[in-house]
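This is what each chain is made of:
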Amino acid sequence: MKNKILLIIIFLLCPFTFLINNKDNTKSDIKVEDNIIVNLKRNDEIISLNLDEYIIGVVGKEMPASFYDEALKAQAVAARTFAYNYLEGNEINISDKIQGYASINELKEKWQNDFDKYYNKIKNIVLSLDNEVIKYNGDIIKSYYYAISNGKTEDVMEVFNEELPYIEVVDSS
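Basis of the calculations
- Residues numbered from 1 in each chain as written.
- Predicted model: local features only at pLDDT ≥ 70, side-chain atom pairs only at ≥ 80, totals over all residues.
- Heavy atoms only, no water.
- Salt bridge = Lys/Arg side-chain N within 4 Å of Asp/Glu carboxyl O.
- Helix = DSSP H or I, 4+ residues; strand = E, 2+ residues; numbered from the N terminus.
- Buried < 20%, exposed > 50% of the residue type's maximum accessible area, 1.4 Å probe, protein only.
- Axes fitted to C-alpha atoms, helices over the stretch in contact; angles between N-to-C directions.
- Left-handed = near helix turned anticlockwise from the far one by under 90°.
- Contact = heavy atoms within 4.5 Å.
- Nonpolar A, V, L, I, M, F, W, Y, C, P; charged D, E, K, R; others polar.

(A) Looking closely at the pattern of salt bridges. A complete count under the given rule lists six salt bridges for this structure. When the shortest N-O distance is used, the salt bridge between Asp 69 and Lys 121 registers 3.8 Å. With Asp 69 in helix H3 (residues 69–84) and Lys 121 in helix H5 (residues 115–128), this pair connects stretches of sequence that are 52 residues apart. Note on Asp 69: relative accessible area 39%, which makes it partly exposed. Of the residues examined, Lys 121 reaches a relative accessible area of 23% and is grouped as partly exposed.

(B) Focus on the packing of helix H2 (residues 51–62) against helix H4 (residues 104–111). Put simply, H2 and H4 touch, their axes get as near as 10 Å, and they point 30° apart. Viewed along their axes, H2 and H4 form a crossing whose handedness is left-handed. Taking contact as the criterion, the partners of Gly 57, Gly 60 and Lys 61 in H2 are, on H4, Leu 107, Lys 110 and Trp 111. Looking at side-chain class alone, the contact of H2 with H4 contains two nonpolar, two polar and two charged residues.

Below, the structure written as structure tokens:
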């Protein structure tokens, strides 16, 4: 199961492009600072977090912390890239209906006695990536990702009604 999910992530990320550090620029030529705030809408409430805290919560929600480090890194980069599509100035305004997120308390409940081990594992991975994102022709991509596959990716035009040359239909069996 772990290997299948890891392969799906690799299949999704590899055809797009390679990782580039986002301190240089994002989207087109927007300079990104390290102090990005995420305003997360959850249950009619807005929670403000720094971007790294948010990405830790996304990875903790979206993928088992027991997975291999490289799979967690891929998820963190995909999650950060996805979130950057909601960047306005130095704020990301997003809903947990758009991208899954687990708070510290939810992660404590989920991981129980392994909380410190798993939280620190994900935190160290997120921080080690130094704000990496995925770009295509210098622009941050729309990094759509999913948890369950039917054996191949879908045509982006059919699913999202837009042309994205970096997303191709590939076998992911």
